[in-house]
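# A structural walkthrough
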Amino acid sequence: MSEKTEKTEPRLSVFKTYKLYVGGKFPRSESGRVYEVTDSKGKWLANAPQSSRKDARDAVVAARKAFGGWSGATAYNRGQVLYRVAEMLEGRREQFVREVADAEGLSKPKAAAVVDAAIDCWVWYAGWTDKIAQVIGGANPVAGPFFNLSSPEPTGVVAVLAPQESSFLGLVSALAPVIATGNTAVVIASEQSPLPALSLAEVLATSDVPGGVVNVLSGRTAEIAPPLAAHQDVNAIDLAGADEALAKELEIAAADNLKRVLRPQPVDYFETPGIDRMTAFLETKTVWHPTGSLGASGSSY
Amino acid sequence: MASVFEYAPAPESRSVVDIAPSYGLFIDGEFAEAADGKVFKTVSPSTEEVLSEVAQAGEADVDRAVRAARKAFEKWSALPGSERAKYLFRIARIIQERSRELAVLETLDNGKPIKETRDADLPLVAAHFFYYAGWADKLDHAGFGTNPRPLGVAGQVIPWNFPLLMLAWKIAPALATGNTVVLKPAETTPLSALFFADICRQAGLPKGVVNILPGYGDAGAALVAHPDVNKVAFTGSTAVGKEIARTVAGTRKKLTLELGGKGANIVFDDAPIDQAVEGIVTGIFFNQGQVCCAGSRLLVQESIQEELLESLKRRLSTLRLGDPLDKNTDIGAINSAEQLARITALAEQGEAEGAERWSPACELPTSGYWFAPTLFTNVTQAHTIARDEIFGPVLSVLTFRTPDEAVAKANNTQYGLSAGIWTEKGSRILAVANKLRAGVVWSNTFNKFDPTSPFGGYKESGFGREGGRHGLEAYLDV
């Protein structure tokens, strides 16, 4: 064996077939389409699945199915699962550094900084799951004999148009807050640079994140986003990855069932995020209950 | 409604309120005619008497008011919060002083019983101003970071069911956070907002900080679409809410919507029946059912259906419908002929689709807009009256067998504003409240409001919250 390898060409590497991530499984696009993904210099990297409207609808079905379990899980449990994602990312750090460097044309050190920031971002949100309710909810001192409590609840299925330029850190910055608060997500990866997102799906699949909680589609944002924005079973949409014209069109479509809309906004992904990406996809439920009152007779409670 | 209980009339005096024969638009601290000179009449729904003639805002007036608000914004937003607070406290106090006057006015213009304007609307209106007054100089501590900034000019469109209360919900947080306001009250109930303009004058509020534009939907649409409006707040129908969401799409305008509802009032077999009956009555007959969070779908556990309905019908037979100014009146007039027609048509559709209709013996006055309290049984989820918001005193009764079924039926609606739970079992309350997709859940009570308490919907009942700390967010750049 050893004599042979000395003389032969360098080993031929194994290419990866990138697939979608829907309902915890890795299907190809039902349309059978792929599109060419290149690095920043135009060198072929892989063929990514080019999702169709049907793929988008399937992803919504999967996300809806997963919503009850995920939103019903304890906040502590969700935190553990999110932290587990960070653990798995850390283990695959080198792979993501390579993919991000290829995708975004970054030097290895710069790509490493991006990946580290993304992992830290997961950790940051992992720690938020069991704190957000205390920070933005609480007891209301109503003027009457009532116990009255406001607590945040996830809004439901959130369509996330991942940022186009930041294929990994931007993606994580948009996705983690959505699922940290108990929503489920249908993500459209960066159109030009979908590979880090598709690899993230492999991490999610092995990180105790229940199937369907995150669904990742690659393809043409302008093709997949409109059916999601118009979908009656999608509750919210993050328009980060849409340009101005598409964002407006999608916001109009989203009005049909009054989706919660997060408009595109300038973000420095290296800065510690605020909580607005979480609160954008939370409802506030206020529950009232009589307390009775201590009357003179003491008999009214 | 003749019964053993015959009450002598106990009318509240109209003399506490002076309604002028005509009113202008309130722009930049002055009352003014509409640019095109248009006016409309506002009538008392209980008598169809014309109360006053009111200037009707058009697009040019909207523009003028927005410009006034923009000009006022610079100084108003730069005021120390403690100073803004004092203006709001002044307004709150003046409302309290004039609350009887405003209660009578509101009853005349809206048709709702004086009992409700006096004991519910007005105390809450004052309370909202007091509550948000206190926030004005404490915004750094509200949890939106240090020094949160106002948005600018707020365009606000409010409905006719709680004219002054909705004004308070909109204006109090807007001013506390340093925004200026252009508010369009509904065309059937413009008067209390115009009286509020006078309160702003008495309070010495700087000109242009609050502008009031009575008018129709076209004025509201112009306000929402105005390029120099930074924040849009709307309370009203879901259909209009969707239209507004489309209008502001692609802009930087911040939007909050408080829209329709089809609240489920769930009564379990162990509920205290008498209290539940009171809650059901409050839930659907308060303000003639013209309440977005009304408990318009009664979900009753099958085993107690008969007993509950018997009790409920007996209770409904004691409700007194008639002169809204009479202090004994429980049910007043429907706000407008248009709304009466809508309620009538939906109730007829309920019958046509096979639901069983019942109303207590009830004589309706011969003038004005009236609808007897109405109950529908044999209602299924497919019935229009179980799905569409009626916005009137019409209750649809459905049944369930298990808590899971109750939750599934309660959530089976495009709305998600309110729900009620009646049971003696605490764990059941918490479990069911957890699963209901609604912004407000009342357990063993219904239709309770408080300025400290966020209110707003899930799903197509809109987004954003009004009231409480949460209500500030809608008016801050966060």
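Residues numbered from 1 in each chain as written. Chains lettered and ligands numbered in written order. Predicted model: local features only at pLDDT ≥ 70, side-chain atom pairs only at ≥ 80, totals over all residues. Heavy atoms only, no water.

Here we come to the confidence of the model for chain B. In the predicted model, chain B carries a mean pLDDT of 97, and 99% of its residues have values of at least 70. Taken together, the chains of this predicted complex give a pTM of 0.96 and an interface ipTM of 0.95. (pLDDT = per-residue confidence, 0-100.)

What follows concerns the packing of helix H3 (residues 75–91) of chain A against helix H8 (residues 195–205) of chain A. All names here are of chain A. Running from amino to carboxyl end, H3 crosses H8 at an angle of 125 degrees, the nearest separation of the two axes being 9 Å. Taken together, H3 and H8 sit at an angle that is classed as oblique. Crossing of H3 over H8 shows right-handed handedness. Between H3 and H8, the contacting residues are Val85, Met88 and Leu89 on the first element and Leu200, Val203 and Leu204 on the second. Along the lines of polarity and charge, the residues of the contact of H3 with H8 split into six nonpolar, no polar and no charged. (Axes fitted to C-alpha atoms, helices over the stretch in contact; angles between N-to-C directions. Helix = DSSP H or I, 4+ residues; strand = E, 2+ residues; numbered from the N terminus. Parallel < 35°, antiparallel > 145°, perpendicular 65-115°, else oblique. Left-handed = near helix turned anticlockwise from the far one by under 90°. Contact = heavy atoms within 4.5 Å. Nonpolar A, V, L, I, M, F, W, Y, C, P; charged D, E, K, R; others polar.)

What follows concerns the UniProt feature "domain: Aldehyde dehydrogenase" (unreviewed entry) in chain B. The UniProt entry lists residues 34–477 of chain B under the feature "domain: Aldehyde dehydrogenase" (unreviewed entry), expressed in the numbering used here. Between the first and last C-alpha atoms of residues 34–477 of chain B the distance is 33 Å; the span itself is 42% helix and 15% strand. (UniProt positions renumbered as here; feature names shortened; annotations may be inferred.)

This brings us to the UniProt feature "domain: Aldehyde dehydrogenase" (unreviewed entry) in chain A. Mapped onto this numbering, the UniProt entry gives "domain: Aldehyde dehydrogenase" (unreviewed entry) at residues 30–261 of chain A. Within the segment residues 30–261 of chain A, helix and strand shares are 50% and 18% respectively, and the terminal C-alpha atoms sit 28 Å apart.

Another point: the domain arrangement of chain B. Residue and element names in this part refer to chain B. Assigned domains within chain B: domain 1 (14–259 + 461–477) and domain 2 (264–443). Measuring from the centre of the C-alpha atoms in domain 1 to the corresponding centre in domain 2 gives 30 Å. With 29 residues of domain 1 at the contact, the number on the domain 2 side is 29 residues. Carbon and sulfur atoms supply 56% of the area buried between domain 1 and domain 2, which totals about 2,300 Å² over both sides. Here domain 1 and domain 2 share one salt bridge between them. One salt bridge connects Asp330 with Lys115, and the closest N-O pair in it is separated by 2.3 Å. For the pair domain 1 and domain 2, the interface holds twelve residue pairs in polar contact (both at pLDDT 80 or more). (Domains from an automatic or database assignment. Buried area = accessible area lost by both parts, 1.4 Å probe. Salt bridge = Lys/Arg side-chain N within 4 Å of Asp/Glu carboxyl O. Polar contact = N/O pair within 3.5 Å; in protein donor to acceptor, adjacent residues only side chain to side chain.)

What follows covers the packing of aromatic side chains. All names here are of chain B. If you walk through the whole model with that rule in mind, you get 22 aromatic pairs over all chains. An aromatic cluster of three or more residues is present, and its members are Trp169, Trp442, Phe446, Phe449 and Phe455. The ring of Phe268 has Arg428 lying over it, and the distance from NZ or CZ to the ring centre is 4.9 Å. (Phe/Tyr/Trp six-rings, centres within 6.5 Å; stacked < 30°, edge-to-face > 60°. Lys NZ or Arg CZ within 6 Å of the ring centre and 35° of its normal.)

This part takes up the pattern of salt bridges. Oppositely charged side chains can pair when the atoms bearing their charge come close. All names here are of chain B. Summed over all chains, the structure comprises 40 salt bridges over all chains. The salt bridge involving Glu466 is made with Lys170; its shortest N-O contact spans 2.8 Å. Highlighted residues: Glu466 in the loop between strand E17 (440–443) and helix H15 (470–473) and Lys170 in helix H5 (residues 163–176), separated in sequence by 296 residues. Take Glu466 and Lys170: they sit in the same class, and that class is buried. Look at the salt bridges and you will find they share partners, linking Arg98, Glu101, Asp198 and Arg201 into a network. (Buried < 20%, exposed > 50% of the residue type's maximum accessible area, 1.4 Å probe, protein only.)

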